[in-house]
Amino acid sequence: MNYLPYAVAAWLFLVGLYGVISSRNLVHLIICVGVIQSSSYVLLLAIGYRTGATAPIFVDVPVGTPAVDAVVQALMLTDVVVEVTVVALLLALAIQVHKRHGTLNPDELRKLKG
Amino acid sequence: MTRRIRQKFFLFSAAALALCFVWGYRDLPPFGQVTSIYADKVNAITVPQRHITDAVTAVNFDIRGFDTLGEEFILFTSVMGVVLLMRRTKDEPAGDHEDKVQGRNVPPVSDAVRVTTLLLIAPTILFGWYIVAHGQVTPGGGFQGGVILSSAALLLYLCGTYPKFRGAAAPRLIEIAEAVGAAGYIIVGGACVALGGMFLENLLPLGKTGTLTSGGTVPFINLAVGLEVSAGFVLILLVYLEELMEEKES
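Residues numbered from 1 in each chain as written. Chains lettered and ligands numbered in written order. Predicted model: local features only at pLDDT ≥ 70, side-chain atom pairs only at ≥ 80, totals over all residues.

Asks: Could you give me a rundown of the overall build of chain A, with the residues and numbers involved?
Replies: Helix and strand counts for chain A stand at four helices and zero strands. Counting helices and strands in the order they occur from the N terminus, chain A gives α-α-α-α. Relative to the compact-globule value of 13 Å for 114 residues, chain A shows a C-alpha radius of gyration of 19 Å, a clear excess of over 25%. Residue burial in chain A is summarised as follows: out of 114 residues, 26% are buried. A separation threshold of at least 6 residues defines the contact pool for chain A, and within that pool the share at least 24 residues apart is 51%. (Helix = DSSP H or I, 4+ residues; strand = E, 2+ residues; numbered from the N terminus. Rg over C-alpha atoms; globule rule 2.2 N^0.38 Å. Buried ≥ 20, exposed ≤ 12 C-beta atoms within 10 Å, placed from the backbone. Contact = placed C-beta atoms within 7 Å.)

Okay, structure coming up:
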């Protein structure tokens, strides 16, 4: 059980990657990229977690109380917001692809040589 | 490469990648027992040295402030990319802002939804700014508050029609707000240089711990980020709604 969160992160990464490779629709592919990215959240939070520690907020607990790693949480926080805009950008690309070629299937796109 | 070969190739590489994961994890301490010298240092110095009670905000906007500037600009360029990609080209005539997609019989929004969303808009905006302003005290800050603020725009769309929403949202103003938010971060950093310090060095009075004015430059950076994130998300929302409304009958 001790290594389960790390295994979950690896599994999310691989399952997302499989989705990207086997995808037949660009929108599905973009969501799979999101799944791959969520594995980084799991890994970062798992590394920052400490058994028995509180959140790194020292409003009603004194300084020196064992707290989880604030550095990885800060990394993750910006990551979440940035991911949404990057997904929006990728979806905009997908819309343009559909406008130009009338398909969202990556395999058919290759046939068009576009 | 056919689908079959590609999948076989994936299985082979995935197995190799999984082995790399195992190899990389081997020396990691078990879950919950990872120790990091940075974590201990950050948790120890944020209150005495920065007067910030939320260590995550202290890392994001003070200790690691320059990195967050970069991340904020990833967001900025992504939003610009979306706007650029979705702009109307010459062969796409301007729509009349009506929902024309066929086979998508959207039922009219019920009065209950309209009234509820209308009532929710003001509290959402207030809550958004509350989260932005209290970033240095409790969990929150520009990124989280900005997203909440942008959801107020979505509520505005739900309680009215699209043309009215577009009129109220004033895209030009939103674009300016986004630019001001992005520039604000740099201006705060530059002001520190002007005051004789380093870029983004926290030189302002740190204030009383646990109050709105604590943290020196952090509240100002949070305001700038909050403005940028909310404006960026509203811009994405506007661009996508515009696309939906202008989709031609096929």
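Asks: So what's going on with helix 8 (residues 171-194) of chain B? Residues and values would help.
Replies: Residue and element names in this part refer to chain B. Here helix 8 spans 33 Å end to end across 24 residues, near enough to the 34 Å set by a 1.5 Å rise per residue. The sharpest bend along helix 8 reaches about 25° and sits at Gly-184. All of the buried residues in helix 8 are Ile-174, Glu-178, Gly-181, Ala-182, Gly-184, Tyr-185, Val-188, Gly-189 and Cys-192. Count one or two residues on from helix 8 and you reach Gly-196, which has phi positive near 100°. (Expected span 1.5 Å × (residues − 1). Bend = angle between axes of the 7 residues up to and from the residue.)

Asks: Could you give me a rundown of the packing of helix 3 (residues 70-101) of chain A against helix 3 (residues 55-63) of chain B, with the residues and numbers involved?
Replies: The N-to-C vectors of helix 3 of chain A and helix 3 of chain B enclose an angle of 65°; their axes lie 8 Å apart at closest approach. Like other packed secondary-structure pairs, helix 3 of chain A and helix 3 of chain B cross with a definite hand, here right-handed. Within the contact between the two elements, helix 3 of chain A uses Ala-70, Val-71, Gln-73, Ala-74, Leu-77 and Thr-78 of chain A and helix 3 of chain B uses Ala-55, Val-56, Val-59 and Asn-60 of chain B. In the contact of helix 3 of chain A with helix 3 of chain B, the residues fall into seven nonpolar, three polar and no charged. (Axes fitted to C-alpha atoms, helices over the stretch in contact; angles between N-to-C directions. Left-handed = near helix turned anticlockwise from the far one by under 90°. Nonpolar A, V, L, I, M, F, W, Y, C, P; charged D, E, K, R; others polar.)

Asks: A description of the interface of chain A and chain B should follow, citing residues and the corresponding values.
Replies: Between chain A and chain B, the residue contacts involve 39 residues of the former and 49 residues of the latter. Counting residues per element, the ones that place at least two in the side of chain A that touches chain B are helix 1 (4-22), helix 2 (26-48) and helix 3 of chain A. Take the side of chain A that touches chain B: its biggest share by element is 16 residues, from helix 3 of chain A. Here the residues of the side of chain A that touches chain B sort into 30 nonpolar, seven polar and two charged.

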